[in-house]
Amino acid sequence: MAAPAGPPVDPEQLRAHAAQLDRLRVRLGQVRLTGRQIEKSQTAFGALCGWILTGLGDRYQKHDDLLAYVEETLVLTVRGLRRVAAGEQPLAEMVGQPDEGSADEDAPSAPEIIDGVLEAVNSRDWVEPLLAEAAPVAEFATPVTGMFMLLRTGGLEYATTHVEPLRRLLDDLTGTPEVVADQAGHWDVMAGDLRRLASDLEWCLAGAFPGPERPDVRAYLDIMANNVEALRGLAATSTAMTLITRSAGDLILLARDIVRGLIGDLFARASLWVIDSPEVVTRPVLVARLASLVTAAWRINAYVTALTTSIANLSRSIDG
């Protein structure tokens, strides 16, 4: 085999470069530890919506598999560079034959694809109109008298304590908001760490070798550039998962607050009916009260349906 063109690679420089890569590998392992703190069970989103978001757990597993692949690549690269520095193997043999396959330069990169996902999630087109137009914390948004406020608050507390079907409905909507917030926080931390790792690896490669015109050096740098892009893609994915997790949790909390408000309002009205009712209730009054009950039940069902449909729309972004 003909000797590669260009100046020889200094063994000490190879060892120093391998040491830098090994430090990056350790940091990547720490990123994986951060990811393992993500709750894989989607019960944190409540029984009503958690089953829809099963793709979150699958996405985490795929993400960790890719991180493990990059980590293993760095391990093998460090070992190979140390063999080359010791004169046990030429660099050309370590990197193998250059990949002559024609890459599709027009194909979007992973960060570009994720940008499309982020745009879709931020646009909130996935949110059903009924919830998209709802105000945050809607349960006590309408001004009421002091008495009605007391009745509404007390009625809501009574309903959630003593009326089993209503309590179960709210439990199904509630989930564990603090766990959802933790999940989003871990994805966000991973996104920042992976962006820094990609930048540091790129910087590490920029000054790795003199004579990058050597075919073996060029091949090595091309291979490692793929790892830089992989880390950037994983950082972008982590950013998207942060937004998706937060968006799902926020919408579930909004729907729960609206339903709580409707239940509290209905109990307040029912209490006033009892307090203010004459001994004989006329048929028109009974019809009006029944209409109020039916309207409240219809609105609760409409908001719950809008929530599950919205979350199903959002979940499709996970596989995007």
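Everything numeric here is computed off the predicted structure, so don't read it as measured data. (Residues numbered from 1 in each chain as written. Predicted model: local features only at pLDDT ≥ 70, side-chain atom pairs only at ≥ 80, totals over all residues. Heavy atoms only, no water.)

Enquirer: I keep staring at the nonpolar core and nothing clicks. Help me out?
Expert: Most often, soluble globular proteins keep nonpolar side chains buried together rather than apart. Leu-21, Leu-131, Leu-194, Leu-307 and Ile-311 are the most contacted members of the largest nonpolar core, which has 76 residues in total. Looking at this core, the element that brings in the most residues is helix α10 (residues 215–276), giving 21 residues. Ignoring any residue separated from it by four or fewer positions in sequence, one finds Ile-311 in contact with Cys-49, Ile-52, Leu-53, Ala-248, Leu-251 and Ile-252. (Core = buried A, V, L, I, M, F, W, Y, C linked by side-chain atoms within 4.5 Å. Buried < 20%, exposed > 50% of the residue type's maximum accessible area, 1.4 Å probe, protein only. Helix = DSSP H or I, 4+ residues; strand = E, 2+ residues; numbered from the N terminus. Contact = heavy atoms within 4.5 Å.)

Enquirer: Just to check I follow, could you spell out the side chain of His-63 for this structure?
Expert: Relative to the helices and strands, His-63 is located in helix α3 (residues 55–85). Residue His-63 is classed as buried on the basis of its relative accessible area, which comes to 2%. A distance of 3.0 Å separates a polar atom in the side chain of His-63 from a polar atom in the side chain of Ser-238. Residues contacting His-63, with those up to four places away along its chain left out, are Trp-187, Met-190, Leu-194, Leu-234, Thr-237 and Ser-238. (Polar contact = N/O pair within 3.5 Å; in protein donor to acceptor, adjacent residues only side chain to side chain.)

Enquirer: In this structure, what is going on with unusual backbone geometry? I would like to understand it.
Expert: Peptide bonds are, in most cases, trans, and in most cases residues other than glycine have a negative phi. Despite not being glycine, Arg-124 has its phi angle at roughly 60°, a positive value. Tracing the chain through its elements places Arg-124 in the loop between α5 (110–123) and α6 (129–132).

Enquirer: Is there a simple way to think about the packing of aromatic side chains in this case?
Expert: Each aromatic ring pair is summarised here by two numbers: the centre-to-centre distance and the angle between the ring planes. For the structure shown, the criterion picks out one aromatic pair. Here the aromatic rings of Tyr-60 and Trp-187 are separated by 6.4 Å at their centres, their planes lie at 75°, and the arrangement is edge-to-face. Taken as a pair, Tyr-60 in helix α3 and Trp-187 in helix α9 (residues 177–206) lie far apart in primary sequence, 127 residues in all. Across the pair, Trp-187 and Tyr-60 agree in class, each one buried. (Phe/Tyr/Trp six-rings, centres within 6.5 Å; stacked < 30°, edge-to-face > 60°.)

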